[in-house]
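Observations on the model geometry
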Amino acid sequence: MSQTATRDQSVSKTDTRLDVELRKVFKVYNGETAVRGIDLDIHQGEFFSILGPSGCGKTTTLRMIAGFEDPSGGEVMIRGKSMVGVPPYKRPVNTVFQSYALFGHLTVWDNVAFSLRLKSCGNAELRERVGDALRLVKMSDFARRFPAQLSGGQQQRVALARALVNHPTVLLLDEPLGALDLKLRKEMQTELSHLHRELGLTFVMVTHDQEEALSLSDRIAVMNNGKIEQIGTPSEIYEHPQTAFVADFIGDTNLLKGRIESIHAETLQIVTDSGLRILAKPKTHWNGSNASEAESPNSDASEAFISIRPEKVHCGLSAPADSINCYEGKLKHVMYLGTHISYQVDLETGDRITVLQPNRSSLMDLGTSVYVYWAAEDCLALAPQE
Amino acid sequence: MSTSTPSSPTLAEPLPTAPRGWHKLTRLIEPIVLLVPSGVWLLLLLVAPTLLILELSFIPGFRLGQPTGGYGIGNYLEIFRPIYFQVIWRSVLFAVGCTVTCMLLGFPVAYWIAVMAPPRWRNLLLVAFVLPLWTSSLLRAYAWITILRPSGSLNSLLSALHLPNQEWLNQTPAVYIGMAYSFLPYMVLILYASLEKLDKRLLEAASDLGATPQQTFWKVTVPQTLPGIAAGGLLVFITSLGEFVVPELLGGASSMTVSRLIYNQFLGATRNWGLGSSFSILMITGVSIAIALLLKYGDRDSALT
């Protein structure tokens, strides 16, 4: 436990008892490796998200926690107990399925009561708990309906109630909001967040929607290609991505490939393949720590990615006097997004820089010569992808 | 596209010169014209013979060549004589037994093919099950005779295993075996169609909620596939109720069924067309009621899922 506390300071102030632990978990399907040895510590009461593109192994990971898949190697533990060989119906977890998987032959009430009836729970207690669960998700008025008579959002609520009525140790959510339209999704996000706070349960959610993960989670594990790229709080993941993949996947970014020219205590000079000379501040978060970077020998030959978030890039008709990373280019695309305006600027070197500005100033015209510039500390140098 | 000649108008674009009335008329006549072939077929080969049999069922019955009464419902009253009632009861028993056997044998097979077998094997396994249907039912019945007869392959096998020989041919067991064999593929096909549609995630959901595999089966799989179970059961029940070949060839004298009785009244020694027709009407009515029930309740069930 002390090991996890040091690995992640952000949770040291909250409960550090572990609900779910994954140790070097592998999963191989018909010769193809879906999950390549991942380690995860999920703390009690935490809203933890596993985020990644489709096929990255995130759903497989969740299914191994639920017990629908057995790991090919490694160990899954829930509340310190090894779950190897324990069937799903004996695990203290419940799942909200992507497709809801409600029982069409049962009413809403009977769907929610399903797990309690299996445990031969008393009649009075059953009525109370099912009633509570339905009230929690605001579906009390629909108890006598069948799932087919409900809208997608309502089915989602019933699926939540059905999973929560059993008081699981961990609630697993497999792309829970993926099938809902945007407005409903926002609404359910808020409610999920409320539910989590109200119940104090551990939530483990799988999603490919980075915005959803950022807005709901206490911590996020970003997965790619069967591996975990980074674990951290939403702001850590967004502000200090450790790999080019994370920087690219979470939010939009301008990713430039280049090589490190020189490293000083204060600045890092990088020349991109296209010939841009960029000054960046070495970050303590780069590859975990500053020290390890200084150790890497012959840094003038080492490759790196530069990531600059579009909202950190400034764009104007004239160059500021003090700006270091300032380049001239032509405005190629303008996208009006309502609250923001997105510009795409083609530099003379051929690089395309995306700029996101709040909708405050007037729109600039296409083809205008503009200057783009950003501060050295807004530029992240990242180790190349493996 | 621009080169298409204006002389080939489609239905959507009627010739501007065509009068509106004519267009209305074709729209009225079209469905009638299309329905005529099947309508004539049904009238000539289904409705007319059924009416003919209905009429025949009221003619005076015969016993030992002598008329037993006048034109009327005498033949229907005859049905209730114990000897005939026994035949009806036996037919129903055979059909129920065959349906239950097919269900017990067919469900695990269909479940295995639809849920557990690797998807790429499914079609092959289904074809293997349906293959017997491509041979004549008569041929299959004769095949069972060679297996079940006193010196047949079954008894050779039993002898080799030092087990007592069985005299099943021309007895009730042969009828059950032959009928279950004939209708098992239908049962498997219908149950497969139902199980294949079963959402496998529901099984995972049940397991996730704490149901053991057994509980999942009874509380999710069976209720979810109930329409298929009802359809398969009723189809096998109806067809085995009217089965003629198997009881005739494998059943011997002790296995008189309604269909054999009807055959005897028309083409056998007794030649009592009136009685045969009343039995036929009884069967048609019974089967129609069963199908009506299936349509009504089968539909309601599928609407729920």
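Residues numbered from 1 in each chain as written. Chains lettered and ligands numbered in written order. Predicted model: local features only at pLDDT ≥ 70, side-chain atom pairs only at ≥ 80, totals over all residues. Heavy atoms only, no water.

Some thoughts on the overall build of chain A
- When helices and strands are tallied, chain A shows 10 helices and 20 strands.
- Long-range contacts, defined here as pairs at least 24 residues apart, represent 65% of the contacts in chain A between residues at least 6 apart.
- For chain A, the accessible surface area stands at approximately 17,600 Å², while carbon and sulfur atoms represent 49% of it. (Helix = DSSP H or I, 4+ residues; strand = E, 2+ residues; numbered from the N terminus. Contact = heavy atoms within 4.5 Å. Areas by Shrake-Rupley, 256 points an atom, 1.4 Å probe, with all protein chains shown as cover.)

Concerning the packing of helix α8 (residues 200-208) of chain B against helix α9 (residues 213-224) of chain B
All names here are of chain B.
- Where α8 meets α9, the closest approach of the two axes is 10 Å, and the angle between their N-to-C directions is 155°. When the axes of α8 and α9 are compared, the pair comes out roughly antiparallel. For the crossing formed where α8 meets α9, the hand is right-handed. Only Thr-216, Val-220, Thr-221 and Gln-224 of α9 make contact with α8, whose side of the interface consists of Leu-202, Leu-203, Ala-206 and Ser-207.
- Each residue belonging to the contact of α8 with α9 can be placed in one class, and the counts come to four nonpolar, four polar and no charged. (Axes fitted to C-alpha atoms, helices over the stretch in contact; angles between N-to-C directions. Parallel < 35°, antiparallel > 145°, perpendicular 65-115°, else oblique. Left-handed = near helix turned anticlockwise from the far one by under 90°. Nonpolar A, V, L, I, M, F, W, Y, C, P; charged D, E, K, R; others polar.)

Quick look at the UniProt feature "domain: ABC transmembrane type-1" (unreviewed entry) in chain B
- The UniProt feature table records "domain: ABC transmembrane type-1" (unreviewed entry) at residues 88-294 of chain B.
- Here residues 88-294 of chain B runs as 78% helix and 0% strand, with 22 Å between its end C-alpha atoms. (UniProt positions renumbered as here; feature names shortened; annotations may be inferred.)

Describing the side chain of Arg162(A)
- Summarising the element assignment, Arg162(A) is placed in helix α5 (residues 152-164).
- Despite its burial, Arg162(A) remains without a salt bridge, the nearest opposite charge being carried by Asp208(B) at 6.7 Å.
- Side-chain polar atoms of Arg162(A) contact the backbone oxygen of Tyr100(A), separated by 3.2 Å.
- Residues in contact with Arg162(A), not counting those within four places in the same chain, are Phe97(A), Tyr100(A), Ala101(A), Leu102(A), Phe103(A), Asn111(A), Val112(A), Ala205(B) and Leu209(B). (Buried < 20%, exposed > 50% of the residue type's maximum accessible area, 1.4 Å probe, protein only. Lys, Arg positive; Asp, Glu negative; His and termini not counted. Salt bridge = Lys/Arg side-chain N within 4 Å of Asp/Glu carboxyl O. Polar contact = N/O pair within 3.5 Å; in protein donor to acceptor, adjacent residues only side chain to side chain.)

A short note on the UniProt feature "transmembrane region" (unreviewed entry) in chain B
- Under the UniProt annotation, the feature "transmembrane region" (unreviewed entry) is placed at residues 32-54, 87-112, 124-145, 174-195, 216-238 and 275-295 of chain B.
- What you have in residues 174-195 of chain B is 100% helix and 0% strand, and the ends, taken at the C-alpha atoms, are 30 Å apart.

Considering the pattern of salt bridges
All names here are of chain A.
- Tallying each qualifying case throughout the model produces 22 salt bridges over all chains.
- A salt bridge links Glu-46 to Arg-219; the nearest nitrogen and oxygen atoms lie 2.4 Å apart. Of this pair, Glu-46 sits in the loop between β2 (32-43) and β3 (47-51) while Arg-219 sits in strand β9 (residues 219-224), and the two are 173 residues apart along the sequence.
- A relative accessible area of 4% means that Glu-46 is categorised as buried.

Remarks on the sheet that holds strand β13 (residues 277-280) of chain A
Residues and elements named next belong to chain A.
- If you trace the five strands from one edge of the open sheet to the other, you get β13-β12-β11-β14-β20, paired in antiparallel fashion. Since the sheet does not close on itself, it has two edges, and those belong to β13 and β20 (379-382), each with one partner. Mean inter-strand twist for the sheet, computed between neighbouring axes without regard to direction, equals 40°. (Pairing = 2+ DSSP bridges.)

As for the nonpolar core
- In terms of nonpolar packing, the biggest core is built from 73 residues, with Leu22(A), Phe103(A), Phe114(A), Leu172(A) and Cys102(B) touching the most fellow members.
- Looking at this core element by element, the count peaks at 11 residues for helix α7 (residues 172-197) of chain B.
- Each residue touching Leu172(A), except ones within four places of it in the same chain, is listed here: Leu62(A), Ile65(A), Ala66(A), Val93(A), Asn94(A), Thr95(A), Val96(A) and Val204(A). (Core = buried A, V, L, I, M, F, W, Y, C linked by side-chain atoms within 4.5 Å.)

Things to note about α5(A)
- With 13 residues, α5(A) should reach 18 Å at 1.5 Å per residue; the first-to-last C-alpha distance of 18 Å fits that figure.
- Most of α5(A) sits out of view: 11 of its 13 residues are buried.
- Within α5(A) the residues assigned to the buried category are Gly153(A), Gln155(A), Gln156(A), Arg157(A), Val158(A), Ala159(A), Leu160(A), Ala161(A), Arg162(A), Ala163(A) and Leu164(A).
- On the buried face of α5(A), the contacting elements are β6 (93-96), α3 (108-118), α4 (123-136), β7 (170-174) and α6 (182-199) of chain A together with α8 of chain B. (Expected span 1.5 Å × (residues − 1).)

Structural notes on the packing of aromatic side chains
- Counting across every chain of the model gives 15 aromatic pairs over all chains.
- When the ring of Phe217(B) is compared with that of Trp218(B), the centres are 5.1 Å apart and the planes differ by 85°; the resulting orientation is edge-to-face.
- By relative accessible area, which is 25% here, Phe217(B) ends up partly exposed.
- The ring centre of Tyr29(A) lies 5.3 Å from the NZ or CZ of Lys27(A), which sits over that ring.
- The positively charged end of Arg309(A) is found above the aromatic ring belonging to Tyr238(A), 4.1 Å away from the centroid. (Phe/Tyr/Trp six-rings, centres within 6.5 Å; stacked < 30°, edge-to-face > 60°. Lys NZ or Arg CZ within 6 Å of the ring centre and 35° of its normal.)

A short note on the interface of chain B and chain A
- Across the boundary between the two partners, chain B contributes 18 residues, which contact 22 residues of chain A.
- Both faces combined, the contact of chain B with chain A buries some 1,900 Å², and carbon together with sulfur accounts for 62% of it.
- Our count for the contact surface shared by chain B and chain A stands at one salt bridge.
- The tally of links from chain B across to chain A stands at seven residue pairs in polar contact (both at pLDDT 80 or more).
- With seven residues, α8(B) is the largest single contributor of residues to the side of chain B that touches chain A. (Buried area = accessible area lost by both parts, 1.4 Å probe.)

Looking at the pairing of β9(A)
Residue and element names in this part refer to chain A.
- In terms of burial, β9 is a largely internal element, six of the six residues being buried.
- What you see with β9 is no split at all: Arg-219, Ala-221 and Met-223 on one side and Ile-220, Val-222 and Asn-224 on the other are buried throughout.
- Bridge count between β3 and β9: four bridges; the pairing is parallel. Paired with Leu-51 across the strands is Val-222, a residue of β9.
- In this structure, β9 lies alongside strand β10 (residues 227-232), joined through five bridges in antiparallel fashion. From the neighbouring strand, Val-222 faces β10, where its bridge partner is Gln-230.
- Between the end of β9 and the start of β10, which pair antiparallel, lie two residues, with Asn-225 showing a positive phi angle near 55°.

Structural notes on the environment of Ser361(A)
- Its location among the elements puts Ser361(A) in the loop between β18 (352-358) and β19 (369-374).
- Look at Ser361(A) and you get partly exposed, because its relative accessible area is 42%.

Describing unusual backbone geometry
- Even without a glycine there, the phi angle at Ala101(A) is positive, about 50°.
- Tracing the sequence through the fold places Ala101(A) in the loop between β6 and α3.
- The buried category is assigned to Ala101(A), whose relative accessible area is 3%.
- Unusually for a residue other than glycine, Asn170(B) sits at a positive phi of about 65°.
- Tracing the sequence through the fold places Asn170(B) in the loop between α6 (153-160) and α7.
- By relative accessible area, which is 39% here, Asn170(B) ends up partly exposed.

Some remarks on a negative patch on the surface
- A grouping of Glu239(A), Asp248(A), Asp252(A) and Glu311(A) is seen on the molecular surface, where their side chains present a negatively charged patch.
- Along the chain, Asp252(A) turns up in the loop between α9 (244-249) and β11 (254-263). (Patch = residues over 30% accessible without salt bridge, like charges linked within 9 Å, V, L, I, M, F, W, Y side chains within 5 Å. Charge placed at Lys NZ, Arg CZ, Asp CG, Glu CD.)

Concerning the environment of Arg352(A)
Residue and element names in this part refer to chain A.
- Considering the arrangement of structural elements, one finds Arg-352 in strand β18.
- On the basis of relative accessible area, Arg-352 is assigned to the partly exposed category, the value being 39%.
- In this structure, the C-alpha to C-alpha distance between Arg-352 and Gly-45, residues 307 residues apart in sequence, is 43 Å.
- With residues up to four places along the chain from it excluded, the contact list for Arg-352 reads Asn-254, Lys-332, His-333, Gln-344, Val-345 and Asp-346.
- At 2.8 Å, the side chain of Arg-352 forms a polar contact with the side chain of Asp-346.

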